[in-house]
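Take a look at the letters that make up each chain.
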Amino acid sequence: VRANVRVAGAARRSAREALQIALRAGGFAAIVVVSMTVLGVSVLFTVFSYIFDVGRPGGMSITELPLMLVGYGFGASFVALFAQLGGGIFTKAADVGADLVGKIEVGIPEDDPRNPAVIADLVGDNVGDCSARGADLFESIAAEVISAMILGGTMAKKANLPDATGFIMFPLVVHALDCLVSAAGIMSIGGGTRNSKEDPYDVLKGGYKVAMGLSVIGFGVSTRVMLWVENVPNAWLHFYGCGIIGMVCAYAFVFIAQYYTDYKYPPVRIIAEASTTGHGTNIIAGVGVGMESTAAPVLVISTAIISAFWVGQSAGLTDATTGLPTGGLFGTAVATMGMLSTAAYVLTMDVFGPIADNAGGIVEMSDQPESVREITDMLDSVGNTTKATTKGYAIGSAALASFLLFSAYMDEVESFTGKPFKVVDIAVPEVFVGGLLGSMIVYLFTAYACTAVGRSAQEVVTEVRRQFKERPGIMTREEKPDYSRCVSIVAASALREMIKPGVLAVSGPIAVGVLFRYVGMATGQELLGAKAVAGMLMFATVAGVLMALFLNTAGGAWDNAKKYIETGHYGGKGSDAHKAAVTGDTVGDPFKDTAGPSIHVLIKMLATITLVMAPMFLD
């Protein structure tokens with residue numbers, strides 16, 4: 001919050017100084033989030049090691065200890081879901097209400113102090129974008145660390161390795177390294193040049209390249225130290241290759257998100273051009289771009305999972321019992337670690353967005369010169385792209401983490417029952433129905449989230465219209481709007497509206513597992529509850545990844561199409577094309593900032609709940 005004011009002040013001097021302050025403020029928040037994740041898992045691991053006498057005669061094996069940590073992942077998912085959902089409803093209800101009345105009906109600029117909803121909108125940026133995205137990536141890293149520890153321990157046990165400590169602790173080392181390389185990337189961006197022509201996004205990408213380059217080096221050293229096996233001396237090289245695959249995947253996601261949401265590229269300009277023929281064609285173009293944008297990320301994720309699996313499988317580690325290769329799943333875990341090895345820098349770029357947005361609001365409300373507003377508008381536009389980038393990155397990491405959690409779930413069922421549980425047959429009707437129910441949960445959850453924003457926004461629109469009608473002095477600046485009324489409306493609405501989707505997310509997998517457990521007992525089908533939940537997880541992950549990609553990208557593209565028109569194209573601010581673009585932006589708001597990011601958390605939460613509740617689904 002303090003950074004918002006400092007960036008607004010810096011924008012009066014130079015764009016580069018404003019960018020540097022916004023980035024470093026975002027970096028501080030991001031590094032704290034990653035550090036807290038690593039600290040929490042490390043402390044729990046240490047405490048449980050002491051309580052369960054790990055490494056002592058009669059004590060628990062270190063390979064079994066990671067299964068004790070799944071409750072931490074569930075807790076992180078649970079809080080992240082409500083932070084993301086509640087924060088998204090708060091910020092977007094205020095944003096949509098402010099835009100519909102302020103820009104379209106009354107014709108005042110964005111963040112104008114005469115708009116009664118403007119303070120709620122600015123507060124919402126901090127709640128929905130900064131806090132909620134931090135909770136999302138906290139949960140992503142926690143889920144990935146714990147599932148990788150489980151898979152590392154399982155693989156070490158199967159391969160009969162004398163010491164599994166390196167494979168179990170490796171994820172914690174990688175994310176400690178993440179804080180260092182991301183800090184170096186952030187500090188590499190100085191405030192030296194005052195060139196107003198430079199593209200802020202190119203400057204941010206320069207810091208990302210520094211963080212990525214250092215990560216490649218640090219990751220190699222970490223794999224050599226932690227994953228070296230005496231009887232298979234080249235295995236660490238294969239796992240290092242898996243990590244590189246993950247990093248390439250991360251960089252590909254950053255580029256794909258930029259292509260579909262930055263107005264320098266064709267997709268956003270197509271939406272802007274469609275705005276010239278009306279509101280309907282704007283919506284049609286945005287939906288088309290959003291659906292098209294799912295293809296490239298899915299190809300990248302698919303390539304990463306398959307290639308990392310086979311590189312890990314060829315590492316030379318074999319199952320001591322069967323003699324079959326056993327490093328494939330851990331290879332995908334290492335690829336996920338590689339993708340998240342610069343998570344702190346990516347989160348920095350995300351938090352940069354709302355800081356720049358709020359700085360623009362402060363500049364508008366304090367009547368600064370137009371040249372200052374141009375600088376904050378430019379940073380805000382880049383912030384929209386970085387937020388879309390982070391969401392693409394987050395859904396990519398969620399897809400990989402969900403695959404790991406799914407594998408960890410199958411390992412856990414096998415561990416509890418002592419029976420092989422390696423294949424889930426979707427040709428079994430009950431398993432297929434479990435899958436359909438999983439897909440249904442994703443769509444129903446999305447419907448609840450979007451409807452919640454719509455209902456809340458209606459309350460804000462009604463209140464803003466009332467104030468303009470009953471207090472005409474607001475428009476002439478003779479009266480001050482009642483800002484607190486809109487803040488109260490969205491806060492109460494967010495708390496009320498997130499109950500229904502939250503209950504659906506928590507109760508859905510438990511209901512499916514318990515129901516089909518009893519169906520299996522009645523029909524004599526062994527482990528049917530566990531199999532139906534596995535089907536639900538598979539289908540929900542697939543549907544969730546595609547839905548989130550569509551919602552995130554369509555929303556970001558609509559937003560930047562509006563920004564493109566506001567730079568003077570197709571008639572500029574106040575034109576018919578601009579009004580159509582504002583309509584597209586308001587439709588995209590709940591897509592990109594409420595439903596889309598909440599689905600990232602949903603698909604991981606479904607997986608962590610099944611891990612925690614797995615004994616309930618067993619015969």
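Here the structure is a predicted model, which is why all the values come from computation and not from measurement. (Residues numbered from 1 in each chain as written. Predicted model: local features only at pLDDT ≥ 70, side-chain atom pairs only at ≥ 80, totals over all residues. Heavy atoms only, no water.)

Asker: It is not clear to me how the overall build of the protein chain should be interpreted in this structure. Could you clarify?
Answerer: Across its full length, the protein chain carries 18 helices and 0 strands. The C-alpha radius of gyration computed for the protein chain amounts to 25 Å, which stays within 12% of the reference 25 Å derived for 619 residues, consistent with globular compactness. Overall, the C-alpha framework of the protein chain stretches about 80 × 60 × 45 Å when taken along its three principal axes. A buried classification covers 60% of the 619 residues belonging to the protein chain. Of the contacts formed within the protein chain by residues at least 6 apart in sequence, a portion of 83% connects residues at least 24 apart. Total accessible area computed for the protein chain in this model is approximately 22100 Å², and 65% of it derives from carbon and sulfur atoms. Charge separation in the protein chain, taken as the distance between the mean sites of 43 positive and 53 negative side-chain charges, equals 3 Å. (Helix = DSSP H or I, 4+ residues; strand = E, 2+ residues; numbered from the N terminus. Rg over C-alpha atoms; globule rule 2.2 N^0.38 Å. Buried < 20%, exposed > 50% of the residue type's maximum accessible area, 1.4 Å probe, protein only. Contact = heavy atoms within 4.5 Å. Areas by Shrake-Rupley, 256 points an atom, 1.4 Å probe, with all protein chains shown as cover. Lys, Arg positive; Asp, Glu negative; His and termini not counted. Charge placed at Lys NZ, Arg CZ, Asp CG, Glu CD.)

Asker: Mind showing me how you'd approach the layout of surface pockets here?
Answerer: In this approach a probe as big as a water molecule rolls over the atoms, and the regions it shows empty are the leftover space. The computed volume of the largest pocket comes to approximately 600 Å³. As for the largest pocket, its lining consists of 22 residues, and the residues nearest its centre are Y263, E374, D377, M378 and T567. Listing elements by their share of the lining of the largest pocket, those giving two or more residues are α6 (200-226), α13 (370-417) and α17 (528-566). When residues in the lining of the largest pocket are grouped by element, the largest group, 8 residues, is from α13. Partitioning the lining of the largest pocket into residue classes produces 7 nonpolar, 4 polar and 11 charged. Estimated volume of the second largest pocket: approximately 490 Å³. In terms of lining, the second largest pocket is formed by 25 residues, of which the most central are K158, F309, L329, D411 and K422. Contributing elements (two or more residues each) for the lining of the second largest pocket: α4 (118-158), α10 (295-313), α11 (328-339) and α13. A per-element tally of the lining of the second largest pocket places α13 first, with 6 residues. Across the lining of the second largest pocket, the residue classes tally to 13 nonpolar, 7 polar and 5 charged. (1 Å grid on protein atoms, 1.4 Å probe; cavity = no way out; pocket = protein on both sides within 12 Å on 5 of 7 lines; lining within 4 Å. Points joined across faces, edges and corners; volume = space filled by probe spheres on them. Nonpolar A, V, L, I, M, F, W, Y, C, P; charged D, E, K, R; others polar.)

Asker: Please explain the nonpolar core as it appears in this structure.
Answerer: Nonpolar side chains tend toward joint burial in soluble globular proteins. One finds F167, L204, F239, Y345 and Y409 to be the most contacted residues of the largest nonpolar core, which totals 189 residues. Ignoring anything within four residues of it in the chain, the contact list for Y345 reads L23, S182, G185, I186, I189, L204, G207, Y208 and A211. (Core = buried A, V, L, I, M, F, W, Y, C linked by side-chain atoms within 4.5 Å.)

Asker: What should I look at first to understand helix α16 (residues 499-523) in this one?
Answerer: Three or four residues apart is the spacing at which side chains of an α-helix point the same way, because the helix has 3.6 residues per turn. Here α16 spans 36 Å end to end across 25 residues, near enough to the 36 Å set by a 1.5 Å rise per residue. Along α16, the sharpest kink reaches roughly 35°, centred on S507 and followed within four residues by the proline P509. Residues of α16 that are buried include every one of P501, G502, L504, A505, G508, P509, V512, G513, F516 and G520, and no others. Contact partners of the buried residues in α16: α3 (70-106), α14 (429-470), α15 (483-497), α17 and α18 (576-613). Residue G524 follows α16 closely and has a positive phi angle near 75°. (Expected span 1.5 Å × (residues − 1). Bend = angle between axes of the 7 residues up to and from the residue.)

Asker: Teacher, can you tell me more about the packing of α15 against α16 here?
Answerer: Look at α15 against α16: their axes get within 5 Å of each other, and the N-to-C directions meet at 25°. For the element pair α15 / α16, the angle class is roughly parallel. Only I499, K500 and P501 of α16 make contact with α15, whose side of the interface consists of L495, R496 and E497. A class-by-class count of the residues in the contact of α15 with α16 yields 3 nonpolar, no polar and 3 charged. (Axes fitted to C-alpha atoms, helices over the stretch in contact; angles between N-to-C directions. Parallel < 35°, antiparallel > 145°, perpendicular 65-115°, else oblique.)

Asker: How do you make sense of the side chain of S222 when you look at a structure like this?
Answerer: Here S222 is to be found in helix α6. Residues contacting S222, with those up to four places away along its chain left out, are F170, V173, L177 and L227.

Asker: Please clarify how the packing of helix α2 (residues 15-51) against α4 should be interpreted in this entry.
Answerer: Two quantities define a packed helix pair, namely the angle between the axes and the distance from one axis to the other. Here α2 crosses α4 at 35°, and the two axes come no closer than 9 Å. When the axes of α2 and α4 are compared, the crossing they make is right-handed. Between α2 and α4, the residues in contact are V33, V34, M36, T37, V41 and F45 and G134, F138, I141, A142, V145 and M149, respectively. A per-class count over the contact of α2 with α4 returns 10 nonpolar, 2 polar and no charged. (Left-handed = near helix turned anticlockwise from the far one by under 90°.)

Asker: Whenever I open this one, the environment of L537 confuses me. Can you help?
Answerer: Looking at the element boundaries, L537 is found in helix α17. By relative accessible area, which is 3% here, L537 ends up buried.

Asker: How should I be thinking about the pattern of salt bridges in this particular structure?
Answerer: Where side chains of opposite charge bring their charged atoms close, a pairing between them can arise. In the structure shown here, the tally under the stated rule is 23 salt bridges. Two residues, E105 and R465, come together in a salt bridge whose shortest N-O distance is 2.4 Å. Highlighted residues: E105 in helix α3 and R465 in helix α14, separated in sequence by 360 residues. The exposure class of E105 is partly exposed, given its relative accessible area of 43%. The exposure class assigned to R465 is partly exposed, which follows from its relative accessible area of 43%. Taking the shortest distance from any N to any O, the salt bridge between K562 and D559 comes out at 3.6 Å. (Salt bridge = Lys/Arg side-chain N within 4 Å of Asp/Glu carboxyl O.)

Asker: Hey, could you run me through the packing of aromatic side chains in this one?
Answerer: Aromatic ring pairs are defined here through the distance separating the ring centres and the angle between the ring planes. Within this structure, the stated rule accounts for 19 aromatic pairs. When the centroid spacing of 5.5 Å and the interplanar angle of 55° are considered together, the rings of Y259 and Y265 count as tilted. The class of Y259 is partly exposed, set by a relative accessible area of 27%. Taking relative accessible area as the criterion, Y265 reaches 22% and is therefore assigned partly exposed. Among the aromatic residues, those joined into a cluster by ring pairs are F74, F78 and F82. (Phe/Tyr/Trp six-rings, centres within 6.5 Å; stacked < 30°, edge-to-face > 60°.)

This is a description of form; function is not addressed.
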